[in-house]
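Chain by chain, the residues:
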Amino acid sequence: TLKRTAGMFAIALWDRERRVLSLSRDRFGEKPLHVGLFGGEIAFASEIKALRTHPAWTGEIDRQAIALCLRHGYIPAPRTAFTQAVKIAPGTIVEIDAGALAPERWRVTPWWDTLEEARIARRNRFSGSDAEAVDQLDELLRASVARQMISDVPLGAFLSGGIDSSTIAAMMQSL
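Here we summarise the structure given alongside this text. (Residues numbered from 1 in each chain as written. Predicted model: local features only at pLDDT ≥ 70, side-chain atom pairs only at ≥ 80, totals over all residues. Heavy atoms only, no water.)

Turning to a nonpolar patch on the surface, a few remarks are in order. There is a patch of nonpolar side chains on the surface, built from Ile 61, Ile 66 and Leu 70 and spanning about 290 Å² of accessible area. When its relative accessible area of 32% is taken as the criterion, Ile 66 is described as partly exposed. (Patch = residues over 30% accessible without salt bridge, like charges linked within 9 Å, V, L, I, M, F, W, Y side chains within 5 Å. Areas by Shrake-Rupley, 256 points an atom, 1.4 Å probe, with all protein chains shown as cover. Salt bridge = Lys/Arg side-chain N within 4 Å of Asp/Glu carboxyl O. Buried < 20%, exposed > 50% of the residue type's maximum accessible area, 1.4 Å probe, protein only.)

This part takes up the packing of helix H4 (residues 130-148) against helix H5 (residues 163-174). Closest axis-to-axis distance for the H4/H5 pair is 10 Å, and the angle between their directions is 70 degrees. When the axes of H4 and H5 are compared, the pair comes out roughly perpendicular. For the pair formed by H4 and H5, the contact residues are Asp 138, Leu 141, Arg 142 and Val 145 on the first element and Ile 168, Met 171, Met 172 and Ser 174 on the second. By residue class, the composition of the contact of H4 with H5 is five nonpolar, one polar and two charged. (Axes fitted to C-alpha atoms, helices over the stretch in contact; angles between N-to-C directions. Helix = DSSP H or I, 4+ residues; strand = E, 2+ residues; numbered from the N terminus. Parallel < 35°, antiparallel > 145°, perpendicular 65-115°, else oblique. Contact = heavy atoms within 4.5 Å. Nonpolar A, V, L, I, M, F, W, Y, C, P; charged D, E, K, R; others polar.)

Quick look at the environment of Leu 2 now. One can find Leu 2 in the segment before strand S1 (10-15). Judged by relative accessible area, Leu 2 falls into the buried class, the value being 14%. With 165 residues separating them in the primary sequence, Leu 2 and Thr 167 have C-alpha atoms 28 Å apart. If we skip the residues at most four places from it in the chain, Leu 2 touches Phe 9, Ile 11, Ser 24, Arg 27, Ile 93 and Trp 111.

The next subject is the packing of aromatic side chains. All chains considered together, the criterion is met by four aromatic pairs. Pairing Phe 28 with Trp 112 gives two aromatic rings, centres 5.1 Å apart and planes at 70 degrees, and the pair type is edge-to-face. With a gap of 84 residues between them, Phe 28 in the loop between strand S2 (20-25) and strand S3 (34-38) and Trp 112 in the loop between strand S7 (107-110) and helix H3 (114-123) connect regions that are remote in the sequence. Residue Trp 112 is classed as buried on the basis of its relative accessible area, which comes to 15%. Chaining the aromatic ring pairs together yields one cluster made of Phe 38, Trp 57 and Phe 82. (Phe/Tyr/Trp six-rings, centres within 6.5 Å; stacked < 30°, edge-to-face > 60°.)

Looking along a regular strand, one sees side chains alternate from face to face of the sheet. Both S2 and strand S6 (residues 92-97) contribute to a ladder of five bridges, which runs antiparallel. Looking across to S6, one finds that Val 20 is bridged to Asp 97. The pairing of S6 with S7 spans four bridges and is antiparallel. Across the sheet, the residue bridging to Ile 93 is Thr 109, located in S7. (Pairing = 2+ DSSP bridges.)

Right, dumping it as structure tokens:
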């Protein structure tokens, strides 16, 4: 199922028979997925502020994670700014057995790999003409924008003035 998904998502699935919680995240990590660690309990949410509502939340800062942020400009998964929260890495499935709530006991399996996708693309290079490349790019972009425009609320676009946001906005308007 995950291989066929597109876009931004985080999924939680409880397997009643195996007593395993599976958490998965989209390919690029557009949708955050955080897990709160509360001794004998866990909670998960797309925002840390939701985890802060748990009665056992202490708000203790993870100083090593802050040092990583200062060094790299971000906090790499699985760390967060807080000792009681971890984040699921993009393109992974994390399986948590009932009772095995410590992160070192979780099974983490990548379901999508950027480098492998690049290798596949290198082996299957586009062999058409420049005009065919333009047509295929236009078709792929339009299909992508059309999928993202499915919504039950009003849509908009943020324009930075660059070619990418201008192209997306123009395609949205034409669709």
